[in-house]
Amino acid sequence: SNSRTSLFKFTIGAEQAIKGLEMAVQSMKKGEKAEFEVDSKYAFGEKGLQPKIPPNESLRIEVELVDFVAKKKPIMDMTIDEKLKSSEEHKIKGNEQFKAKLLKEAIETYKEGLSFLDSILEIEQSETHKQLWTSLHLNCCVCLNTLGNWSESKKHSDKVIAVSYTHLRAHETREELVCRLMLEKK
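This text gives an overview of the structure that appears in the document. (Residues numbered from 1 in each chain as written. Predicted model: local features only at pLDDT ≥ 70, side-chain atom pairs only at ≥ 80, totals over all residues. Heavy atoms only, no water.)

Topic: the overall build of the chain
Applicable threshold: A run of H or I in DSSP counts as a helix once it spans at least four residues, and a run of E counts as a strand once it spans at least two, with each numbered from the N terminus. Each radius of gyration reported is based on C-alpha atoms, and the globular scaling rule is 2.2 Å times the count of residues to the power 0.38. Only protein chains enter the calculation, and the probe is 1.4 Å; a residue is then buried if its accessible area is under 20% of its type maximum, exposed if over 50%, and partly exposed in between. Between two residues, a contact is recorded if the distance between any of their heavy atoms is within 4.5 Å.
Within the chain, the secondary structure is distributed over 6 helices and 2 strands. Starting at the N terminus and ending at the C terminus, the chain contains elements arranged as α-β-β-α-α-α-α-α. Its C-alpha radius of gyration of 26 Å places the chain more than 25% over the 16 Å reference for a compact globule of 186 residues. Counting every position in the chain, which comprises 186 residues, the buried fraction comes to 34%. Residue pairs at least 24 apart in sequence account for 51% of intrachain contacts in the chain once pairs closer than 6 positions are excluded.

Structure, rendered in structure tokens:
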């Protein structure tokens, strides 16, 4: 067939490219160039692509994988360790956003981190899980307090207290929030 010199973007599994190209790029690394011989059944098959490619024609393709975006693994398919790692990564990212004063973004990032932890069954929860879960909720509180969203912040501190009644920081945060909410009602 003819040479293509422009970029060709496609999503694997979306039938935007021939199966042989999809299979080929999955074996490549970013920036890699490779040449593949693609059997007709993984190209255009019995129909071909008239007039350029006759029926049952195998193809030789040269590919450079310029870039790719990895598909996120669904939470329910993740192992507990993968969920904990993803949650920790979200905590770190949220902390960076907080330091950059991107509070709304930090809150969303912390909540995404919590979604990984919330999918872990209670019997599978470890001390690491509990500490990370508590930290993400209290980090949400700090951001929400800074934004003046006392009632939403109180919900996060209440969740921590419900799980860890003796958590001093959660109680202090909650007491401050109750005072602010009372002042707001006056």
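Regarding the nonpolar core
Spelled out, the test is: We define the nonpolar core as a collection of buried residues of types Ala, Val, Leu, Ile, Met, Phe, Trp, Tyr and Cys that are connected through side-chain atoms lying within 4.5 Å of one another.
Counting 17 residues, the largest nonpolar core has Tyr 110, Leu 117, Trp 133, Leu 136 and Cys 143 as the members making the most contacts within it. At the level of secondary structure, the elements contributing two or more residues to this core comprise α3 (103-118) and α4 (127-146). The element contributing the most residues to this core is α4, with 8 residues. For Leu 117, the residues in contact, after removing those within four places along its chain, are Leu 84, Ser 87, His 129, Leu 132, Trp 133 and Leu 136. Grouped together as the second largest cluster of nonpolar side chains are 13 residues, Ile 18, Ala 34, Ala 43 and Ile 53 included.

Considerations on unusual backbone geometry
Geometrically, the link from Gln 50 to Pro 51 is a cis peptide bond, its omega value of 5° lying close to zero. As for its position among the elements, Pro 51 is in the loop between β1 (33-38) and β2 (59-64). Positive phi is not limited to glycine here, since Asn 56 has a value of about 55°. Its place among the elements puts Asn 56 in the loop between β1 and β2. The phi dihedral of Lys 101 falls on the positive side, at around 65°, and the residue is not glycine. One can find Lys 101 in the loop between α2 (80-99) and α3. Judged by relative accessible area, which is 70%, Lys 101 ranks as exposed.

Comments concerning the pattern of salt bridges
Which entries qualify depends on this criterion: Salt bridge, as used here: a side-chain nitrogen of Lys or Arg that lies within 4 Å of a carboxyl oxygen of Asp or Glu.
In this structure the tally under the stated criterion is 7 salt bridges. Ionic pairing is found between Lys 73 and Glu 82, a salt bridge with its closest N-O pair at 3.0 Å. What makes Glu 82 partly exposed here is its relative accessible area of 29%. For Glu 152, the salt bridge identified is with Lys 155, shortest N-O distance 3.6 Å. One end of the pair is Glu 152 and the other is Lys 155, both in helix α5 (residues 150-163) and 3 residues apart, which spans about a single turn. On the basis of relative accessible area, Glu 152 is assigned to the partly exposed category, the value being 22%. Taken together, the salt bridges that share partners define one network made up of Glu 35, Arg 60 and Glu 62.

Observations regarding the packing of α2 against α3
For the record, the criterion: Think of each axis as a best-fit line through the C-alpha atoms, taken over the contacting stretch in the case of a helix, with angles from 0 to 180 degrees between the N-to-C directions. Oblique is the label for any angle not under 35 degrees, not over 145, and not in the 65 to 115 range, which are roughly parallel, roughly antiparallel and roughly perpendicular in turn. Under this grouping Gly is polar, as are all residues other than the nonpolar Ala, Val, Leu, Ile, Met, Phe, Trp, Tyr, Cys and Pro and the charged Asp, Glu, Lys and Arg.
Here α2 crosses α3 at 170°, and the two axes come no closer than 8 Å. Viewed along their axes, α2 and α3 adopt a mutual orientation that is roughly antiparallel. Here α2 contributes Lys 83, Leu 84, Ser 86, Ser 87, His 90, Lys 91, Lys 93, Gly 94, Asn 95, Gln 97 and Phe 98 to the contact with α3, which in turn contributes Leu 103, Glu 105, Ala 106, Thr 109, Tyr 110, Glu 112, Gly 113, Phe 116 and Leu 117. The residue inventory of the contact of α2 with α3, partitioned by class, reads 7 nonpolar, 8 polar and 5 charged.

Examining the environment of Val 25
Secondary-structure assignment places Val 25 in helix α1 (residues 19-26). As a C-alpha pair, Val 25 and Glu 37 span 12 residues in sequence and 13 Å in three-dimensional space. When sequence neighbours within four positions are dropped, the list of residues in contact with Val 25 reads Phe 10, Ile 12, Val 63 and Leu 65.

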